[in-house]
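Tertiary structure, described
Residue-level listing of the chains:
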Amino acid sequence: MKTKWMCMILILALALHLSACGDRQENGNSSENGAINMEPQSLEGDSSENTGNESSEMNVIDQQDNGTDKNIVAVSGVKDSAFSGKVSGCYYADGNRIIVAADQLYLYDAGKGETIASADISMGDLCVQTFTDGYFVVGQGKAEGGGNGSFAASESDGINGYILNKDFAVQDTISFSGLLSDDFILQITAIAISQDGKQVAFGGLSGLYLYDVSSRKVRAILNYSEEGTADNMQIVTMDSLTFTGNNTLVYVGMATDASIGEDGVSVYGTVSTDSADLTITKKGDYKVDTEEVQKGGNLLIMPQSFDENNGTLLMLDTTANTENTMSFSSPGEGKDGVYCSGQGKYVATAVLEGSSVTINIYDTASGKNIHTETVQDSNSAYFMRIPQILILDESGTCIVVLGRGIDEVSTLITTFGFAG
């Protein structure tokens, strides 16, 4: 009899719990631990691929461990999409807005869940930067856009840049492949626009250059072999650039150390676009993955190279010009991706497993792990490549993009909230 009553009590408790969970999901209320339960969205284009996710439902299991929020979220598919074509990436715009690359570029309001505008631009690999009056999109591949600028870029498959206003209308186009006659650009991360939108800096194989948007003229800032020397070190490449003011650049690259004859040393520093004054800071014990350098607010994060990852992250406050190092929860963490939030308040890491990815979110000021989320799916193909992660500071929302570089599956985008 005692066993029978215990079973009845358990069944009643389970029914009440399921009812409460259903009400909480329908009303969109936050969970008791402060994390916002947002239904994951799969924003996929028109595709005949059956990923097996279209009819699945989200499961959230709340756990507590050492004061860190932990949730397990199963990805659910959404058939109706705001975009056409396969999503190849998501990028910060401003506030709760993001730019989504699919068959063209879309300006998407994540808070409202709707597309605001689109631009007829399609490139295979791209970076997005914001400036005071709009957006700067630079990428590799054939341009397919229109606007008020020169569209020589549409004739080639080189590196092209687009300047868009706040309404997402193309104002100008730059064909970087035609700007230099005796040098060439190594990668798209070595291109940056000033905050006033008037200048674009870019690094070549031999030097650093500045493009004036109004006059369309290029001038050399410095030649690496002649002027790229400081503190016995010689600049070899400036692989990542960002403006910290309209006349000052912060770069991350490689150098040689003449004092010890060492090649391939990771360095960062500043350079003036007016006087070419150069500083070089050596990071010989920390190899930076220059293609993964990211800027959030005043914070520049410099993830380690995959082959030398030891679970730490180098960060630079570009205003105070001070560096700091963050230690992740485990020694190997960071090799599957490190991601900075739009305003630099948070950093996330991804840890890939066979059928899931676990995202750890850290507060950059304290270095503490404030939230952990595991995203699961029955199709292991989604976890064969490093995901893309965006963190929206204002709303405390994390966006996880899976399968964007895998042709065999549709792209899945899931979101979750966290308490900062």
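About the thresholds
- Residues numbered from 1 in each chain as written.
- Predicted model: local features only at pLDDT ≥ 70, side-chain atom pairs only at ≥ 80, totals over all residues.
- Heavy atoms only, no water.
- Pairing = 2+ DSSP bridges.
- Helix = DSSP H or I, 4+ residues; strand = E, 2+ residues; numbered from the N terminus.
- Axes fitted to C-alpha atoms, helices over the stretch in contact; angles between N-to-C directions.
- Phe/Tyr/Trp six-rings, centres within 6.5 Å; stacked < 30°, edge-to-face > 60°.
- Buried < 20%, exposed > 50% of the residue type's maximum accessible area, 1.4 Å probe, protein only.
- Patch = residues over 30% accessible without salt bridge, like charges linked within 9 Å, V, L, I, M, F, W, Y side chains within 5 Å.
- Areas by Shrake-Rupley, 256 points an atom, 1.4 Å probe, with all protein chains shown as cover.
- Salt bridge = Lys/Arg side-chain N within 4 Å of Asp/Glu carboxyl O.
- pLDDT = per-residue confidence, 0-100.
- Contact = heavy atoms within 4.5 Å.
- Polar contact = N/O pair within 3.5 Å; in protein donor to acceptor, adjacent residues only side chain to side chain.

With that out of the way, let us pick up the sheet that holds strand E10 (residues 170-175). Sheet architecture is open: 4 strands sit in the order E7-E8-E9-E10, paired in antiparallel fashion. The open sheet has two free edges, formed respectively by strand E7 (125-131) and E10, since each of these has just one partner strand. Averaged over all pairs of adjacent strands, the angle between strand axes in this sheet comes to 15°, irrespective of strand direction. When strand E8 (residues 134-140) meets strand E9 (residues 159-165), the two strands line up antiparallel, connected through 7 bridges. Along E9, the bridge assignment pairs valine 137 with tyrosine 162.

Below, the discussion takes up the sheet that holds strand E16 (residues 233-245). Pairing is antiparallel in the open sheet, where 5 strands are placed in the order E15-E16-E17-E18-E19. Where the open sheet ends on each side, the last strands, each with one partner, are strand E15 (229-230) and strand E19 (281-282). Looking at chain direction, E16 and strand E17 (residues 248-257) are connected through 10 bridges and run antiparallel. The residue of E17 that forms the bridge with methionine 233 is aspartate 257.

Another aspect to go through is the packing of aromatic side chains. For the structure shown, the criterion picks out 7 aromatic pairs. The interplanar angle of 25° and the centroid separation of 5.5 Å between the aromatic rings of phenylalanine 202 and tyrosine 209 together place this pair among those described as stacked. With respect to class, phenylalanine 202 is no different from tyrosine 209; both count as buried. Relative to phenylalanine 418, the ring of tyrosine 346 has its centre 5.1 Å away and its plane inclined at 90°; by these criteria the two rings are edge-to-face. In this pair, tyrosine 346 is assigned in strand E25 (residues 346-352) and phenylalanine 418 in the segment after strand E30 (412-417), connecting sequence segments 72 residues apart. Look at tyrosine 346 and you get buried, because its relative accessible area is 9%. Chaining the aromatic ring pairs together yields one cluster made of Phe83, Tyr106 and Tyr108.

Along strand E29 (residues 397-402), 6 of the 6 residues are buried, which leaves the element largely enclosed by surrounding structure. As judged from the 5 bridges shared by strand E28 (residues 388-392) and E29, these two strands associate in the antiparallel manner. For glutamine 388, the partnering residue across the bridge sits in E29 and is valine 401. Where E28 hands over to E29, the hairpin turn is made up of 4 residues, of which glycine 396 adopts a positive phi near 65°. One ladder, built from 6 bridges, connects E29 with E30; its direction is antiparallel. Within E30, the position partnered with valine 401 by the bridge is isoleucine 413.

Taken together, the side chains of Phe184, Leu186 and Leu205 make up a nonpolar region of the molecular surface, amounting to roughly 270 Å² of accessible area. With respect to the element layout, leucine 205 can be found in the loop between strand E12 (199-203) and strand E13 (207-212).

Turning our eyes to something else, we now look at the pattern of salt bridges. Tallying each qualifying case throughout the model produces 6 salt bridges. Measuring nitrogen to oxygen at the nearest pair gives 2.9 Å for the salt bridge that ties lysine 282 to aspartate 257. In this pair, lysine 282 is assigned in strand E19 and aspartate 257 in strand E17, connecting sequence segments 25 residues apart. For lysine 282, a relative accessible area of 31% gives the class partly exposed. With relative accessibility at 6%, the residue aspartate 257 sits in the buried group. Residue aspartate 336 pairs with lysine 335 through a salt bridge whose shortest N-O separation is 3.5 Å. Of the residues examined, aspartate 336 reaches a relative accessible area of 9% and is grouped as buried. Exposure remark for lysine 335: the relative accessible area of 38% places this residue in the partly exposed category.

On to the confidence of the model for the chain, then. Averaged over all residues, the pLDDT of the chain equals 81, while 77% of them reach at least 70. This stretch, residues 1-66, has a pLDDT under 50; its non-local contacts, to residues over four places away or in other chains, come to 107 contacts. Confidence over residues 76-80 falls short of pLDDT 50; this stretch has 16 contacts with residues more than four positions distant or in other chains.

A word on the side chain of aspartate 336. One can find aspartate 336 in the loop between strand E23 (322-327) and strand E24 (338-340). Within the structure, aspartate 336 has its side chain in polar contact with the side chain of lysine 335 (distance 3.5 Å). With residues near it in sequence (within four places) discarded, aspartate 336 still touches Ala350, Val351, Leu352, Ile386 and Pro387.

Now for the side chain of serine 305. Looking at the secondary structure, you find serine 305 in the loop between strand E21 (299-302) and strand E22 (312-317). Judged by its relative accessible area of 12%, serine 305 falls in the buried class. Other than its neighbours up to four places away in sequence, serine 305 contacts Lys287, Val288 and Asp289.

Okay, the pairing of E12 next. By the criterion of burial, E12 is predominantly enclosed, with 5 of the 5 residues buried. The alternating pattern of E12 places Gln199, Ala201 and Gly203 and Val200 and Phe202 on opposite faces, both of which are buried. As judged from the 3 bridges shared by strand E11 (residues 191-193) and E12, these two strands associate in the antiparallel manner. Bridge pairing links alanine 192 to alanine 201 in E12. Two successive antiparallel strands, E11 and E12, enclose a turn made up of 5 residues, where glycine 197 displays a positive phi of approximately 75°. The pairing of E12 with E13 spans 5 bridges and is classified as antiparallel. Bridging across to E13, glutamine 199 finds its partner in aspartate 212.

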